[in-house]
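# Examining the three-dimensional arrangement
Chain by chain, the residues run as shown.
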Amino acid sequence: MNKLLASAATLLILAGITLAGCSTQKKAIATPGTTTTEERAIGYDAVKTSYGNWNRVRVPFTLRLNAPQKASISGTATMERGRLLLLSMRVLGIEMAVVQVTPDSATFVDKMNRRYLSLPVDKALGGFDANLSNIQDLLTGRAFLLGTDSLAATRQSDFNISVIDAGRAWTLTPRRTPKEAAYSFTFNPANELTGLTVTPKGHPEATLGYSDTAGTPEGIFASLLSIDLTVKDKRIDATLEWNWNRARYDNDVDATPVKISGNYKPINPEALIKSLPVNAN
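Below or above, wherever it landed, is the structure these notes cover. Worth saying up front: this structure is predicted, and the values here are computed from it rather than measured. (Residues numbered from 1 in each chain as written. Predicted model: local features only at pLDDT ≥ 70, side-chain atom pairs only at ≥ 80, totals over all residues. Heavy atoms only, no water.)

This part covers the overall build of the protein chain. The number of helices and strands found in the protein chain is five helices and 15 strands. When each of the 281 residues of the protein chain is scored for burial, the buried share is 53%. Considering only residue pairs separated by 6 or more positions, the protein chain has 55% of its internal contacts joining residues 24 or more positions apart. (Helix = DSSP H or I, 4+ residues; strand = E, 2+ residues; numbered from the N terminus. Buried < 20%, exposed > 50% of the residue type's maximum accessible area, 1.4 Å probe, protein only. Contact = heavy atoms within 4.5 Å.)

What follows deals with the nonpolar core. Counting residues in each nonpolar core, the largest one holds 60 residues, and the members touching the most others are L172, F185, F187 and W244. Those residues in contact with F187, other than ones at most four positions away along the chain, are V47, Y51, A143, A169, W170, L172, E192, L193 and T194. Among the nonpolar cores identified, the runner-up in size contains six residues, and L84, V98, V109 and Y264 belong to it. (Core = buried A, V, L, I, M, F, W, Y, C linked by side-chain atoms within 4.5 Å.)

A grouping of R58, R90, R246 and R248 is seen on the molecular surface, where their side chains present a positively charged patch. Its place among the elements puts R58 in strand β1 (residues 56–67). R58 gets classed as partly exposed once you look at its relative accessible area, which sits at 38%. (Patch = residues over 30% accessible without salt bridge, like charges linked within 9 Å, V, L, I, M, F, W, Y side chains within 5 Å. Areas by Shrake-Rupley, 256 points an atom, 1.4 Å probe, with all protein chains shown as cover. Salt bridge = Lys/Arg side-chain N within 4 Å of Asp/Glu carboxyl O. Lys, Arg positive; Asp, Glu negative; His and termini not counted. Charge placed at Lys NZ, Arg CZ, Asp CG, Glu CD.)

What follows is about the environment of S74. Among the secondary structure elements, S74 is positioned in strand β2 (residues 71–80). By relative accessible area, which is 37% here, S74 ends up partly exposed. Setting aside anything within four residues of it in sequence, one finds S74 in contact with F61, T62, S88, M89 and R90. Separated by 3.3 Å, the side chains of S74 and T62 make a polar contact. (Polar contact = N/O pair within 3.5 Å; in protein donor to acceptor, adjacent residues only side chain to side chain.)

Considering all chains together, one arrives at six salt bridges under this definition. A salt bridge links R83 to E80, with the shortest nitrogen-to-oxygen separation between them at 3.8 Å. The class for R83 is exposed, based on a relative accessible area of 57%. Between R155 and D158 there is a salt bridge, with its nearest N and O atoms 3.9 Å apart. Judged by relative accessible area, which is 19%, D158 ranks as buried.

Bringing helix α4 (residues 132–140) into the picture now. For α4, a buried count of nine out of nine residues is recorded, marking the element as mostly surrounded by other parts of the structure. By the N-cap criterion, in which a side-chain oxygen at the helix start approaches the backbone nitrogen of a residue two or three places on, α4 is capped by N131, the distance to S133 being 3.1 Å. Just past α4, the residue G141 takes up positive phi, approximately 85°.

A word on the pairing of strand β8 (residues 170–174). Across the five residues that make up β8, a large majority, four, are buried. Here β8 runs beside strand β9 (residues 183–187); their pairing, made up of three bridges, is antiparallel. By the bridge assignment for β9, W170 is matched with F187. (Pairing = 2+ DSSP bridges.)

With that settled, the discussion passes to the packing of aromatic side chains. Enumeration according to the criterion identifies eight aromatic pairs in this entry. An angle of 65° between the planes, with centres 6.0 Å apart, marks the rings of F61 and W242 as edge-to-face. Here F61 is found in strand β1, whereas its partner W242 is found in strand β13 (residues 234–242), with 181 residues between them in sequence. Taken individually, F61 and W242 each receive the classification buried, so the pair is uniform in this respect. Summarising the aromatic geometry, the rings of F144 and F185 are spaced 5.1 Å apart at their centres and angled 75° between planes, so their arrangement reads as edge-to-face. Of this pair, F144 sits in the loop between α4 and β7 (159–163) while F185 is found in strand β9, placing the two residues 41 residues apart along the sequence. Each member of the pair, F144 as well as F185, is classed as buried. Over the ring of F221 we find R142, and its NZ or CZ is 4.0 Å from the ring centre. (Phe/Tyr/Trp six-rings, centres within 6.5 Å; stacked < 30°, edge-to-face > 60°. Lys NZ or Arg CZ within 6 Å of the ring centre and 35° of its normal.)

Tracing the backbone through its elements, the reader meets V47 in helix α2 (residues 37–50). We classify V47 as buried; its relative accessible area is 1%. The sequence separation of V47 and L151 amounts to 104 residues, and the corresponding C-alpha distance is 8.7 Å.

Moving on: the environment of Q136. When you line up the elements, Q136 lands in helix α4. Separated by 56 residues in the primary sequence, Q136 and E80 have C-alpha atoms spaced 9.2 Å apart. Aside from chain neighbours lying at most four places away, what touches Q136 is W54, M79, E80, R81, G82, L84 and L85. A polar contact of 3.0 Å, which involves the side chain of Q136, links it to the backbone oxygen of E80.

Below, the structure written as structure tokens:
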């Protein structure tokens with residue numbers, strides 16, 4: 001399978017599987033310190049306040065894959081809050097592949113070879129109580145509580161909050177977690193999200209790092225997402241870069257789902273995952 005297909009397939013897998021292995025960075029599960037009620041309230045409220053309630057957004061991205069092979073591809077993400085995640089991948093201005101997630105389905109379209117893979121969202125997420133808003137937050141660097149629309153819909157009592165080092169970095173850990181895995185978020189002293197880790201039962205730990213926080217008209221987002229996880233015994237090491245300086249919002253965004261024509265052939269999902277390359281080139 002060529003590099004373009006590998007990159008696009010990897011991103012589709014990320015959207016579904018990362019939540020099934022989501023937990024904070026390793027340092028976040030160290031023995032926590034103590035915080036006062038005031039410290040917990042300040043950090044939690046600061047994060048909630050920094051997250052705007054966006055409706056639609058269109059933003060360029062670059063996906064750089066380091067393992068299982070070297071690859072890089074650019075494109076544009078179109079998102080409607082809780083309704084659509086559309087990743088269009090282009091080469092020389094020509095759309096080559098599309099990843100689309102709706103509340104009902106997760107779909108990968110290989111336009112070069114006129115093929116597609118579509119799965120029900122609950123199957124793609126491995127049965128986790130996650131929704132599309134959670135996936136959007138995961139990719140753009142915002143903390144969330146599985147099953148809720150946004151952090152604004154949560155309360156401080158929904159989380160355990162602990163300081164983890166003398167610099168006052170802290171963690172936000174949901175009190176209610178799936179029995180298959182635990183997850184939490186790490187923040188720096190400026191209350192910016194820096195990490196998410198998941199340790200699912202029977203599977204390797206997955207880590208996501210966030211950096212380069214960007215202020216936008218719709219609140220703050222991470223400009224860089226670093227990914228390190230294992231899928232089907234194959235390690236995926238990648239970075240996802242967002243260009244928020246070129247983002248458009250709300251009425252400037254046309255969020256129309258992709259329709260698959262009748263001349264596209266379905267892809268066997270097991271065959272697709274097995275075809276992911278294992279050697280760098």
